[in-house]
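# Observations on the three-dimensional arrangement
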Amino acid sequence: MASATSLFYSSLTPKPKLVYQNPLPNHRPSLLVVSSATNDSHNNNNNSAPPTALKKRRPAEENIREEARRHRLVDGGSSSEFSAKYVPFNAGQYSGECYSLDEIVYRSKSGGLLDVQHDMDALKRYDGAYWRSLFDSRVGKTTWPYGSGVWSKKEWVLPEIDPDDIISAFEGNSNLFWAERFGKEFLSMNDLWVKHCGISHTGSFKDLGMTVLVSQVNRLRKLKRPVVGVGCASTGDTSAALSAYCASAGIPSIVFLPANKISIAQLVQPIANGAFVLSIDTDFDGCMKLIREVTSELPIYLANSLNSLRLEGQKTAAIEILQQFDWEVPDWVIVPGGNLGNIYAFYKGFKMCEELGLVDRIPRLVCAQSANANPLYLYYKSGWKNFQPVTANSTFASAIQIGDPVSIERAVYALKNSDGIVEEATEEELMDATAQADSTGMFICPHTGVALTALIKLRKSGVIGASDRTVVVSTAHGLKFTQSKIDYHSKAIDGMQCRFANLPVQVKDDFGAVMDLLQQYLKKGPKV
Ligand SMILES: Cc1ncc(COP(=O)(O)O)c(C=O)c1O
Ligand SMILES: N[C@@H](CCOP(=O)(O)O)C(=O)O
């Protein structure tokens, strides 16, 4: 017999209207049960206030993980009716090659990329309204693990992992910022948004993928698979996320960084989190080559986005954007690209929402590259005829200083299937765009400046219209890249005009001198 607590708990569980295409014997899968403290009226068709009972506080000696475990036990365990496996990327449904997610495999038999394939038939047993309602019911809560923006979509991410194995910092649920002033003043746009994926636990979107990867590693280690540590090559953000999530799980992390090519803020992150940090005298592509060789020799699990697990977490940012627009689809989404996993992750998130009936179309995608590291742009401009890796030159957008992206095929697939576009930004363009955005109250990273440059160009050419609803994905926190802002605002960049620099004024510690300056300033008319 169900206990009083379990009855109480299930009375708090949102019960969206279910429409089954194939009725299931056990019609409410336990993994879909969310122990939410609210029963939102949006789940009721008649709009009448739902019966509100206050959630009873968990016993003091129990933490949220244990509380969730207790409720799973009451609800009948955590076995999932959903599943996922690795398949060769874009090999078609008849390839036959597949691997369990509990295997350690990064490449298909032919050496190609892998993809995580979900059992879409199982997911389709619930209609779009059900999924929308379920995901909406989980936003912003502390219920383990669904309070995370990634794990609120657990059934679409890693359906079979036990919540006990999950390592989460309640990542995701990031701000979708209405760029009112930037849109109006610089682009005559009124429906421009910035998805702040960098306002996150370690300051970049990498947290979204890393929670998934490190959780799966945690599971593999419990299953006694040979994983002594987790390693990555990085331009600074992957290493920060990897080291933080590994430190939280008590798993060793090893990071390969190109010497003197990442910001100090990024360098200090894995150091502080106790990673084994190798500063290597090469560029990112050199580090990537080395980590691939090392992880094929040693029981070190590969954490770069070559590993398709990462993209399962990253795709939730796309679902979140739709959710934040009340499931209305924006016209454009612009993503800065480097190793090119993220552009595919966005495509996959949008596509799953379309296929499962949450929305009826997907946005057009734009991938934005630095002109100093632009292999995808050149490929696009060749009409997708001739892909050539490049030697990436130094760029202020240092996290995308990548010349030989591992996910090139994924990016091309995403762009071709979303009527996508590739743009590029010179150093001056990306730094000006960053400064302009900052002057309207943002504080963005240079990679977001690359994406904004793409937007500026596409607005100028009329490709993106004044009233098009457009989302620019901001991928890292501006505070990681303060040196480039200091250089810009002090006009210390060779060959760059720094048109939007805002120089600090030196003044003596003297009331009269300060007053003189302020009077001159006010006379000129404060610049906003
Ligand atoms: C801040 C930032 N923006 C954009 C990117 C590009 O993402 P992706 O490598 O998935 O193309 C990266 C990493 O590569 C990054 O760290
Ligand atoms: N910008 C990345 C580069 C590596 O990308 P990944 O997504 O393949 O890990 C970083 O911060 O390291």
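All values reported here derive from a predicted model rather than from experimental measurement. (Residues numbered from 1 in each chain as written. Chains lettered and ligands numbered in written order. Predicted model: local features only at pLDDT ≥ 70, side-chain atom pairs only at ≥ 80, totals over all residues. Heavy atoms only, no water.)

Here the focus is the UniProt feature "modified residue: N6-(pyridoxal phosphate)lysine" (unreviewed entry) in the chain. Sequence positions flagged by UniProt for "modified residue: N6-(pyridoxal phosphate)lysine" (unreviewed entry) are, in local numbering, K206. Within the secondary structure, K206 sits in helix α7 (residues 206-222). Of the residues examined, K206 reaches a relative accessible area of 15% and is grouped as buried. (UniProt positions renumbered as here; feature names shortened; annotations may be inferred. Helix = DSSP H or I, 4+ residues; strand = E, 2+ residues; numbered from the N terminus. Buried < 20%, exposed > 50% of the residue type's maximum accessible area, 1.4 Å probe, protein only.)

The strand order across the open sheet built from three strands is β2-β1-β3, with neighbouring strands paired in antiparallel fashion. At either end of the open sheet lies a strand with only one pairing partner, and these are β2 (99-100) and β3 (114-118). In the sheet, strand β1 (residues 84-88) pairs with β3 via five bridges, with the strands oriented antiparallel. Of the residues in β3, the one forming a bridge with K85 is Q117. (Pairing = 2+ DSSP bridges.)

This next bit is on helix α19 (residues 511-524). For α19, built from 14 residues, the straight-helix expectation of 20 Å at 1.5 Å per residue is met to within 8% by its first-to-last C-alpha distance of 20 Å. Where α19 begins, one side-chain oxygen reaches toward the backbone nitrogen of G512, 3.2 Å away; that side chain belongs to D510. G525 occupies a position one or two residues after α19 and carries a positive phi of about 95°. (Expected span 1.5 Å × (residues − 1). Polar contact = N/O pair within 3.5 Å; in protein donor to acceptor, adjacent residues only side chain to side chain.)

What follows is about the site of ligand 1. Around ligand 1, 15 residues are found, and the nearest of them are D237, G338, N339, L340 and T475. One of the backbone N or O atoms of G341 is found 3.2 Å from an oxygen atom in ligand 1. Contact distances for ligand 1 include 3.4 Å between an oxygen atom and a backbone N or O atom of A399. For the shell around ligand 1, the per-class residue count stands at six nonpolar, seven polar and two charged. (Near = heavy atom within 4 Å. Nonpolar A, V, L, I, M, F, W, Y, C, P; charged D, E, K, R; others polar.)

The grouping of V507, F511, V514, M515, L518, Y521 and L522 at the surface amounts to a nonpolar patch, some 660 Å² of accessible area in total. Mapped onto the elements of the fold, M515 is located in helix α19. (Patch = residues over 30% accessible without salt bridge, like charges linked within 9 Å, V, L, I, M, F, W, Y side chains within 5 Å. Areas by Shrake-Rupley, 256 points an atom, 1.4 Å probe, with all protein chains shown as cover. Salt bridge = Lys/Arg side-chain N within 4 Å of Asp/Glu carboxyl O.)

A word on unusual backbone geometry. Note the cis peptide between W144 and P145, where omega equals -10°. Summarising the element assignment, P145 is placed in the loop between α4 (128-138) and α5 (154-157). The backbone of L340 sits at a positive phi, close to 75°, despite the residue not being glycine. Within the secondary structure, L340 is located in the loop between β10 (332-336) and α13 (341-355). Residue classification places L340 among the buried positions, given a relative accessible area of 3%. One non-glycine residue, W384, adopts positive backbone phi at about 60°.

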